[in-house]
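# Structural characterization, general
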Amino acid sequence: MILKGVGIGRGVAVGPVLRMAEPLPEPKDEPRAASVSAEAENARVTKALAAVNADLNRRAQEAANGDEGTKQAAEILQAVAMFASDPALAANIAKMVDDGKTGERAVLEGFGQVEEMFRQIGGYQGERAADLHDVGQRVIAELMGRPAPGVPQSETPFVLVAKDLSPADTASLDLDKTLAIVTSEGGPTSHTAILCRARGIVAVVSAAEAVDLTDGETVIVNAARGEVTTDPTDEQLAAAHDAKLRADKAKELRGQPGQLKDGHRIPLLANVGKPSDAKTALEYGAEGVGLFRTEFLFIGNEEPPTVEEQTKAYAELLAQFPGKKVVIRLLDAGADKPLPFLTPEDEPNPALGLRGLRTLAQHKAVLEGQLKALAAADAQTDADLWVMAPMVADEWEAEYFTKLGKSFGLKFVGSMAEVPSIAVMADKVSQVTDFVSIGTNDLTQYTLAADRTLGSVSNYQTAWHPAVLRVIKMICEAGNKNGMPVGVCGEAAADPDLAVVLAGLGVNSLSMTPVALDDVRAELAQHTLEEAQQIAAKALNGDFYNPPQWCELGE
Ligand SMILES: C=C(OP(=O)(O)O)C(=O)O
């Protein structure tokens with residue numbers, strides 16, 4: 001059975017489950033014994049709060065002396081410790097004790113009220129509610145004279161399964177023993193997730209069905225897929241072992257340039273959807289941006305953003321890549337990305353209708369506004385800006401757009417190759433445009449005449465189809481002959497094996513979702529150009545393509 005959650009990172013781990021200890025029993029809501037005065041009870045609570053505060057600060061200090069990952073934990077622990085020294089919270093608890101509650105119950109309710117407030121605010125603050133709860137539980141444990149709830153002890157490595165982990169638990173995890181963490185709650189911005197990322201711990205969070213996992217059962221935790229496999233077969237275990245070796249090795253190369261075994265360079269770039277994504281791209285060692293989709297500026301608005309608004313957003317992205325290549329794609333409205341103020345509503349087949357450059361050509365103000373904003377952002381920053389148009393069909397459209405872009409002062413102006421016609425005309429296109437970036441998602445859809453949004457034809461949506469690869473080859477050959485760089489920015493670039501094929505076909509750079517960079521970088525480094533060309537020849541022959549079963553006639 002496969003449990004779905006949100007993976008943190010790309011790691012893979014296999015091991016036995018060890019569940020977090022059961023929470024403390026809930027303190028009863030009954031009056032305090034008459035023999036215990038409010039003063040004495042409050043003194044007990046004050047002591048417990050101080051002890052927890054000191055314990056968390058001690059852990060913060062220990063974490064601060066550790067590695068880079070635990071240093072981040074230190075800051076979080078210090079912030080969490082402050083919950084135990086918050087005067088307003090302490091005063092509220094004291095009042096409840098004055099009103100006759102036990103210290104344990106007053107702490108539970110006092111912390112609970114603030115937790116509830118955090119939950120109602122939601123988002124990042126909402127996820128802090130779990131941290132607050134953990135501090136409250138520690139204070140109650142102190143009052144009850146019990147050990148604080150926390151990570152169970154084990155002599156052998158384990159996959160830790162919990163509802164959610166507190167920062168104190170995550171920070172003090174023994175990394176030699178903790179193979180992975182699975183939580184049934186907590187989102188990708190929970191402290192569990194943040195600290196797992198920082199400490200390189202394999203994790204899947206928010207896997208609701210993880211509540212059913214039991215101590216000792218073997219699971220595969222695959223963060224890249226956001227999956228936890230229970231009761232794995234020998235085959236699944238072997239595949240997990242290979243994936244683990246690959247993931248471990250892949251990380252070691254982060255920060256190195258993308259290249260084949262013989263040093264043949266294939267720069268590895270990132271696809272990003274908004275300027276704030278740049279941080280992740282850089283973290284994963286992207287050498288620049290190969291596709292910046294500008295749709296985020298337009299979607300959800302009644303009208304196009306102003307030139308000033310666009311300039312600000314483009315400059316924000318470019319400023320994060322000084323001296324590095326950043327490819328920005330003009331608005332790709334239409335088909336799977338309709339925009340009310342640009343896209344006709346009555347197209348029976350929008351994928352074959354007005355989209356990409358075809359739409360922009362009908363809305364010159366939008367087209368020219370984008371080019372103006374890009375030129376202005378370029379002038380303010382030091383990145384190496386390349387600009388391209390989506391859905392360019394042939395050399396006339398390619399030449400039109402390239403000349404138009406240059407008339408705005410842009411230096412590198414190219415075309416996306418998503419329609420097979422541009423490949424058929426590639427010898428001409430490569431003489432009139434500065435570069436081509438292949439969008440394999442659409443190129444596959446149009447080569448195989450299979451709508452990429454339709455589940456019924458999803459089996460056609462693979463760039464492993466030799467027809468797609470042959471179309472790519474035509475573009476590469478023309479590009480390499482005429483000195484026109486050819487990149488790939490569709491999903492195909494993120495498949496490590498396909499990336500090798502693309503390199504063998506003559507693609508010059510690859511752009512992908514940042515988390516895929518490690519694996520692609522590592523796989524490219526395994527093959528020389530000659531080997532990649534041999535693999536590509538097999539792929540062009542269809543050796544790696546599985547046709548649909550109904551094509552088999554049988555006996
Ligand atoms: C990168 C591509 O563009 P889109 O944003 O349409 O996926 C593509 O088609 O491969």
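Residues numbered from 1 in each chain as written. Predicted model: local features only at pLDDT ≥ 70, side-chain atom pairs only at ≥ 80, totals over all residues.

Within an unreviewed UniProt entry, the label attached to the chain reads Phosphoenolpyruvate-protein phosphotransferase, and the organism entered is Bifidobacterium pseudolongum subsp. globosum. The record in UniProt for the chain states the following under Cofactor (unreviewed entry): "Mg(2+)". Looking at the Sequence similarities (unreviewed entry) heading of the UniProt record, one finds this comment for the chain: "Belongs to the PEP-utilizing enzyme family." (UniProt positions renumbered as here; feature names shortened; annotations may be inferred.)

Looking at the ligand, the residues that line it are Leu-291, Arg-293, Asp-332, Glu-418, Gly-439, Thr-440, Asn-441, Asp-442, Cys-489 and Gly-490. Mapped by element, the contributors of at least two residues to the shell around the ligand are β10 (288-293) and α17 (440-447). When residues in the shell around the ligand are grouped by element, the largest group, three residues, is from α17. Partitioned by chemical class, the residues of the shell around the ligand number two nonpolar, four polar and four charged. (Near = placed C-beta within 6 Å. Helix = DSSP H or I, 4+ residues; strand = E, 2+ residues; numbered from the N terminus. Nonpolar A, V, L, I, M, F, W, Y, C, P; charged D, E, K, R; others polar.)

Moving on, we get to unusual backbone geometry. Not every positive phi belongs to a glycine, and Asp-231 is a case in point at roughly 45°. With respect to the helices and strands, Asp-231 occurs in the loop between β8 (227-230) and α9 (234-252). On the neighbour-count criterion, Asp-231 (10 C-beta atoms within 10 Å) is exposed. For Met-391, which is not a glycine, the phi torsion comes out positive at approximately 55°. By secondary structure assignment, the location of Met-391 is in the loop between β12 (384-389) and α14 (395-407). (Buried ≥ 20, exposed ≤ 12 C-beta atoms within 10 Å, placed from the backbone.)

The terminal C-alpha atoms of helix α3 (residues 87-98), which comprises twelve residues, lie 16 Å apart, in line with the 16 Å expected from a rise of 1.5 Å per residue. Tucked into the core, α3 has its buried residues touching α1 (38-64) and α4 (103-121). Once α3 ends, the next one or two residues include Gly-100, with phi positive near 110°. (Expected span 1.5 Å × (residues − 1). Contact = placed C-beta atoms within 7 Å.)

Let us now look at the UniProt feature "binding site: Mg(2+)" (unreviewed entry) in the chain. The sites that carry the UniProt feature "binding site: Mg(2+)" (unreviewed entry) are, in the present numbering, Glu-418 and Asp-442. Spatially, the listed residues are clustered: although they cover 25 residues, their C-alpha atoms lie within 5.1 Å of one another. Inspection of the secondary structure assignment puts Glu-418 in the loop between β13 (412-417) and α15 (420-424). Not counting the four nearest positions on each side in its chain, Glu-418 is found in contact with Pro-390, Met-391, Gly-439, Asp-442, Leu-443 and Tyr-446. Within the fold, Asp-442 resides in helix α17.

Attention now moves to the packing of α9 against helix α20 (residues 517-524). To characterise two packed helices, one gives the angle between the axes of the helices and the distance between these axes. Put simply, α9 and α20 touch, their axes get as near as 8 Å, and they point 90° apart. Taken together, the axes of α9 and α20 lie roughly perpendicular to each other. The residues of α20 that touch α9, namely those facing Arg-246, Lys-249, Ala-250 and Lys-251, are Asp-518, Asp-519, Arg-521 and Ala-522. Of the residues assigned to the contact of α9 with α20, the class counts are two nonpolar, no polar and six charged. (Axes fitted to C-alpha atoms, helices over the stretch in contact; angles between N-to-C directions. Parallel < 35°, antiparallel > 145°, perpendicular 65-115°, else oblique.)

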